[in-house]
Amino acid sequence: MSEDPTRFHVRYSDSPKAGRLALVTLDNGADYRKPTTFDDAALGDLERALDEIEKQDARGVLFTGKPFIFAVGADLDRFAGADAAFARRAGRRGHQAFGRVRALSIPTLAAINGACMGGGLELALHCQRRTLAKSAAPIAFPEVFLSILPAWGGTQLAPRVIGPARALEVIVHNALNQNRTLRASEAFARGLADWLVEPVDFLERSLQILEALAAGEAPAPDPRPDEATSRESLDEALERARAFAEARVHGATRAPTLAIDLIEFASRDGDLAEGLEREEEALAELLPARQAQASVYAFHLVQQRVRRQPWRPEAPARPVQKVAVVGAGLMGAQLGALFLQRLEVPLVMKDIADDVLKRARGHIEAALDERVARGRMREGKASFLKSLVTYTTDDAPLAGADFAIEAVLERLDVKRAVFAALEKRVSAECLFATNTSSLSVSAMAEGLEHPERVVGFHFFNPVKVLPLVEVARGTRTDDATLSTALELAKRIGKSAVPCRDATAFVVNRLLMRFMGVCIEAADAGTEFRDVDAATLALGLPMGPFPLLSLVGPRIAHHTAQTLHEAFPERFPESANLARLAESGLPGVYDEKGQTADAVRALWEIRKPAQPVEAEALRQWALRAVAEEARLLLDDGVVADARDIDTCMILGAGWPFFNGGICKHLDQIGMSEQLFGAPLVGTRDAAEAAPAR
Amino acid sequence: MTQLRDACYVDGVRLPIGRAKPDGYYAKTRADDMAVRTVRALLERNPGLDPARIDDVAFAATAQVGDQGLTLGRSVALLAGLPRSVPGYAIDRMCAGALTAIVNAANAIRTGGQDLVLAGGVEHMGHHPMAAEIDPNPRFLAEQLVDPSALVMGSTAENLHDELPAVTRERCDRFAVLSQERTAKAQADGVFASHVVRDTVWTEAGWRVVDRDEHPRPGTSLKDLAALRAPFRAGGRVTAGNAAGLNDGAGCVLLASAEAAQGMGARPIMRMLDFVFVGVAPETMGSGPIPACDAVLARNGLRMSDIDVVELNEAFAVQCVAFLDHFELPLDTIQVNPYGGAIAVGHPLAMSGARLTMQLAHYLDTHEEAKRGITTMCIGLGMGAAILWEKCHE
């Protein structure tokens, strides 16, 4: 039984013009922090409300939500452990209840006053018309992102209301594009509502429209902004959607495929009742499947758990009023831009080279100018923020910094020198953060007067996009430093996961383990393309060799070397990778996407060549990652497997439908096979105690 | 003396008045949102009004805190979507807040300083019970500047009874019955529908549309009233039945110069001729309307018989009957409160002046022979107000 059950409150208003009107409010009795969702009991309450409305002989019905929220869909908590029978029943239930709304002979109006997603949007589509408040957001169908699909009529009604191409855009493309949601103006432009209304008058105006409808008038919808009409045919739109889905998930989840099939069925005049039945079948396949179950798990991790920061020590966070970035190269400039925009405090950019500082300034100021150009920031504000930055080759301006982060060369001696010099200029409480990806935080702290303020603060490239920061605790790092780092991560809009100071922390260690297997497979004679294809079938965002190009062979090799030094048995040296790094080539592929001749020349294949077949390669790679994940846990690098999964989702973009990686390994039985127990335990170890 | 322009009443709206209880209409509605609704309604009813040409927004509230604080007129202007170039201010003269806002607005127009002004009042007595957030200066009592009874409105009413023995409880109850009857008739005749706009309010059971006053008890009889106890004094005469209630409400009027009214294609209904505010003994604040009306009549060479209609706020029946006696009018004269009053409909403190003004305008506009009217109120801490209006001629 839900703590905050959703009710469909019904009130009546007697309009002189139109007669008795029913005003239905969706409400769960909580404020906007707990959005209204639907479960079986809620649907039952909807039916009860409809029974009552029919008895009252109402002339029209308006549905609206509590302040800020219309409804955000089915209650995800109900999905964990669902089986096919449950899924089918759940689909049927929604069809039944919403179907009754659609079948009403009197005008129905959905007054979308706020967040409207999934089942909430489906309810709105079952109404004859929709008003939308300009302030309402987000509007979306996130189901495919969670490896299910809109199974309460969305796939059948969306094409009928907004057309097949837009239905595909909202249900498939947006969902697979980092779960893109729409603002009110965008939703209106796509036809999801008939009237776009000022928030101040929203309910009054919606009531007036319902009155007009109930009185038999035909109030004209608001004009839509002129859009270039696409000349794409239905076939072309479907083909484009299928190609897009394939490119995104490579068949690792059936959700987009089934969604497209259902939209196609509706778009080719499929019978509505049959279409709804097909939705039920699709849900029965998708909901119990591991992909949807893993997605629900992942959703909880990144939307709730990581925001709660369960590992946060009690020590209060120190205020950060001045930030220093030492090392103003590409990474440093990105960091400076981020800190400046999010914290709006004085910033010092320090480097030894003037031209580097000049480029950093260009980057930071261009980032602000872009925000002004897009109307996201006033010009005066941008000027003010620019004035907060000092670009210097001198140490003196560093004084007064509360938080200093270094992004210099990945060499221990260089970083230690930076910290030593810094310590002469700043207070004992100033945090020394390092963006290192593979060097030891503890080693960097050695020799300092106050080593306890040193902490790893590892960002992922591109900084603007990837939300993860690995917060690495050195042997001497104290609680206050950790709290301050975690709080700062929050302030700059990042998701922080604390870990111990082990080589390459979490993401790069697991990625390199994975990469290592792939390189060995290539060493054994497997074509690079075949290795990529095999791993893409796991649903990873990109194959290992394009990833190698993205990171750069030099950096990849450096990381590999560092891990080899730390864990030689599991991270063997790769002569081929070393040669590739030395060669200066950008990666293994040429501009045409074929294996470059120069690479073939330097890549020595073992004799006899024994290319690894796709499934075997996948198993091998997964076993390696499983082993490494188990070690991360056993060595206490992170508190819980959930931390690993959070890192892989937010730092490597590993998909929701694998739940990161540990959840996936558990689901396919590999954890049981290798360790006799799942990696993700029922108890969350991070809740028990902060990271030590 | 400089020539003054006419300041004309063009339109006015109010929300249904609610009961200031936890289950009243507006229990979960913010006072400023109620004020915003009145402004939005005025804009909707007057499409010829260009919001950018509004010169000021004057909004009154007695408790200038919380959801009624933050320089109400300006907040309301921004929240109602008026252009940022439209200024606003807040005002307080207890019960006569809106009345004072209207006078200020009218005077700004008369002197030529402003052309179009919104003037109104709001009071959410559920969120802000009278005197709950006040800290009266100890000198009031220590130096006997006022009697303790002056700070309790019901006690001032009892004091007035003491001074005027001819104003009996029975006559007060009869006046109260009349108020209920006339209010019910006005509701049925659609008088209120002309200027009461509906609102959609949040409740624990979802959104609710409110379109009529919550407070009236139609069918109230003398017997019902006689049975009520007197809470302010043992054996007293003032009861809940012959006094105004504790209520939530908002109202706003649109005032314009004659040219501005013409410019927006609107018909001016009445113009302000004169205004008087006086101080009276705080212990018998209910007497306020008497000297105020005496003064405004004298200054304009008029007598009460020259006035076609009076909207007198019914804070307490005793002060209404006292008023009638003073001007030698019968208890049931149709000249005073033809549409009933606060005893039936309620008295959200700062807002009532707007209601009186709208009702006066409606009367003048619907009675061809009626030419002049007065809105008058008694005010806490001992004041009286009287505004003299005259119908505009085409």
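Residues numbered from 1 in each chain as written. Chains lettered and ligands numbered in written order. Predicted model: local features only at pLDDT ≥ 70, side-chain atom pairs only at ≥ 80, totals over all residues. Heavy atoms only, no water.

Right, let's talk about the overall build of chain A for a bit. Each helix and strand counted, chain A has 28 helices and 17 strands in total. Here the C-alpha radius of gyration of chain A, 28 Å, is about what a compact globule of 692 residues would show, namely 26 Å. In chain A, which comprises 692 residues, the share counted as buried stands at 57%. The long-range fraction of contacts in chain A, counting pairs at least 24 apart against all pairs at least 6 apart in sequence, stands at 75%. Carbon and sulfur atoms form 50% of the exposed surface of chain A, whose accessible area is close to 28,700 Å². Positive and negative charge centroids in chain A, built from 82 and 95 side chains respectively, lie 3 Å apart. (Helix = DSSP H or I, 4+ residues; strand = E, 2+ residues; numbered from the N terminus. Rg over C-alpha atoms; globule rule 2.2 N^0.38 Å. Buried < 20%, exposed > 50% of the residue type's maximum accessible area, 1.4 Å probe, protein only. Contact = heavy atoms within 4.5 Å. Areas by Shrake-Rupley, 256 points an atom, 1.4 Å probe, with all protein chains shown as cover. Lys, Arg positive; Asp, Glu negative; His and termini not counted. Charge placed at Lys NZ, Arg CZ, Asp CG, Glu CD.)

The next point concerns the interface of chain B and chain A. A common way to report how large an interface is uses the accessible area buried once the components associate. Contacts between the two partners involve 17 residues from chain B, matched on the other side by 18 residues from chain A. With both chains or domains summed, chain B and chain A bury close to 1,600 Å², and 51% of this area falls on carbon and sulfur atoms. Our count for the contact surface shared by chain B and chain A stands at four salt bridges. A salt bridge links R198 of chain B to E204 of chain A, with the nearest nitrogen and oxygen atoms 3.0 Å apart. Where chain B meets chain A, there are eight residue pairs in polar contact (both at pLDDT 80 or more). Those elements that place two or more of their residues in the side of chain B that touches chain A are α1 (31-45), β6 (199-203) and β7 (206-210) of chain B. (Buried area = accessible area lost by both parts, 1.4 Å probe. Salt bridge = Lys/Arg side-chain N within 4 Å of Asp/Glu carboxyl O. Polar contact = N/O pair within 3.5 Å; in protein donor to acceptor, adjacent residues only side chain to side chain.)

Turning to the packing of helix α8 (residues 234-249) of chain A against helix α9 (residues 255-267) of chain A, a few remarks are in order. Residue and element names in this part refer to chain A. Here α8 crosses α9 at 170 degrees, and the two axes come no closer than 10 Å. Classified by the interaxial angle, the pair formed by α8 and α9 is roughly antiparallel. Counted together, L234, L238, A241, R242, A245 and V249 of α8 and P256, I260, D261, E264 and S267 of α9 form the full contact between these two elements. The residue inventory of the contact of α8 with α9, partitioned by class, reads seven nonpolar, one polar and three charged. (Axes fitted to C-alpha atoms, helices over the stretch in contact; angles between N-to-C directions. Parallel < 35°, antiparallel > 145°, perpendicular 65-115°, else oblique. Nonpolar A, V, L, I, M, F, W, Y, C, P; charged D, E, K, R; others polar.)

Cis geometry marks the peptide bond from A137 of chain A to P138 of chain A; its omega dihedral reads -10 degrees. Here P138 of chain A lies in the loop between β7 (129-133) and β8 (139-140). The residue after N461 of chain A, namely P462 of chain A, is reached through a cis peptide bond having omega -5 degrees. As for its placement among the helices and strands, P462 of chain A is situated in the loop between β15 (454-459) and β16 (468-473). One non-glycine residue, Q144 of chain B, lies in the positive phi region at around 50 degrees. Relative to the helices and strands, Q144 of chain B resides in the loop between α4 (139-142) and α5 (153-163).

We now examine the environment of A428 of chain A. Residues and elements named next belong to chain A. Mapped onto the secondary structure, A428 falls in the loop between α15 (412-423) and β14 (431-434). By relative accessible area, A428 is classed as partly exposed at 26%. For the pair A428 and H450, spaced 22 residues apart in sequence, the C-alpha separation works out to 6.4 Å. Those residues within four positions of A428 in sequence are excluded, and the remaining contacts are H450 and R453.

So, about the packing of aromatic side chains. Aromatic ring pairs: the centre-centre distance and the angle between the two ring planes describe each pair. For the structure shown, the criterion picks out 20 aromatic pairs over all chains. Ring geometry for Y32 of chain A and F68 of chain A: centres 5.9 Å apart, planes at 75 degrees, overall edge-to-face. Taken together, the positions of Y32 of chain A in the loop between β2 (19-27) and α1 (40-55) and F68 of chain A in the loop between β3 (60-65) and β4 (69-71) put the pair 36 residues apart, joining distant regions of the chain. The exposed category is assigned to F68 of chain A, whose relative accessible area is 58%. Note on F323 of chain B and F327 of chain B: the rings are 4.8 Å apart at their centroids and 55 degrees apart in plane angle, and the pair reads as tilted. (Phe/Tyr/Trp six-rings, centres within 6.5 Å; stacked < 30°, edge-to-face > 60°.)

Turning our attention to the domain arrangement of chain B. All names here are of chain B. Assigned domains of chain B: these are domain 1 (7-129 + 245-270) and domain 2 (139-190 + 271-391). Across the contact, 39 residues belong to domain 1 and 35 residues belong to domain 2. Interface area, domain 1 with domain 2, both sides summed: about 3,000 Å², of which 74% is carbon and sulfur. Interface area lost by domain 1 to domain 2 is led by C95, L99 and M270, which between them contribute 26%. Taken together, the links from domain 1 to domain 2 amount to one salt bridge. Notably, a salt bridge pairs D365 with R267, separated by 2.9 Å at the nearest N-O pair. On the surface where domain 1 and domain 2 come into contact, there are six residue pairs in polar contact (both at pLDDT 80 or more). When residues of the side of domain 1 that touches domain 2 are traced back to their parent elements, those giving at least two are β1 (7-14), α3 (97-110), β5 (116-124) and β8 (247-257). The element contributing the most residues to the side of domain 1 that touches domain 2 is α3, with nine residues. (Domains from an automatic or database assignment.)

This paragraph deals with the state of the cysteines. All names here are of chain B. Applying the stated criterion to the full structure yields zero disulfides over all chains. Between C8, a cysteine without a disulfide, and C392, which holds the nearest cysteine sulfur, the sulfur-to-sulfur distance is 4.0 Å. With no disulfide of its own, C95 lies closest to C378 among cysteine sulfurs, the gap being 6.3 Å. (Disulfide = S-S within 2.5 Å.)

All right, on to the packing of helix α2 (residues 84-103) of chain A against helix α3 (residues 119-126) of chain A then. All names here are of chain A. Contact geometry for α2 and α3: axes closest at 8 Å, N-to-C directions at 30 degrees. One way to sum up the angle between α2 and α3 is to call them roughly parallel. Mapping the contact onto sequence places F98, G99, V101 and R102 in α2 and G119, E122, L123 and H126 in α3.

In this section: the sheet that holds β4 of chain A. Residues and elements named next belong to chain A. The three strands lie next to each other as β4-β6-β8, forming an open sheet whose pairing is parallel. Pairing within the sheet leaves two strands with one partner each, and these edge strands are β4 and β8. Across the sheet, α3 lies against β4, β6 (115-117) and β8, angled at about 85 degrees from β6, the strand it touches most. (Pairing = 2+ DSSP bridges.)

On to the nonpolar core. Residue and element names in this part refer to chain A. Core analysis: the largest hydrophobic core is formed by 190 residues, its most contacted members being I139, F545 and I644. Ranked by the residues each element gives to this core, the list is headed by helix α18 (residues 507-523), at 11 residues. Among residues more than four places away in sequence, those in contact with F545 are M515, C518, I519, A522, F528, V531, D532, V588 and Y589. (Core = buried A, V, L, I, M, F, W, Y, C linked by side-chain atoms within 4.5 Å.)

Once that is clear, we can look at the environment of A292 of chain A. Residues and elements named next belong to chain A. Relative to the helices and strands, A292 is located in helix α11 (residues 290-308). The exposure class assigned to A292 is buried, which follows from its relative accessible area of 1%. For the pair formed by A292 and K381, sequence separation is 89 residues and the distance between their alpha carbons is 44 Å. Excluding residues within four positions of it along the chain, A292 makes contact with L146, S147, I148, L286 and L287.

All names here are of chain B. When strand β3 (residues 56-60) meets strand β4 (residues 88-91), the two strands line up parallel, connected through four bridges. Paired with A58 across the strands is Y89, a residue of β4. Chirality of the crossover, the property in question, places the unit of β3, helix α2 (residues 72-79) and β4 among those that are right-handed. (Right-handed = clockwise from strand over helix to strand, strands pointing away.)

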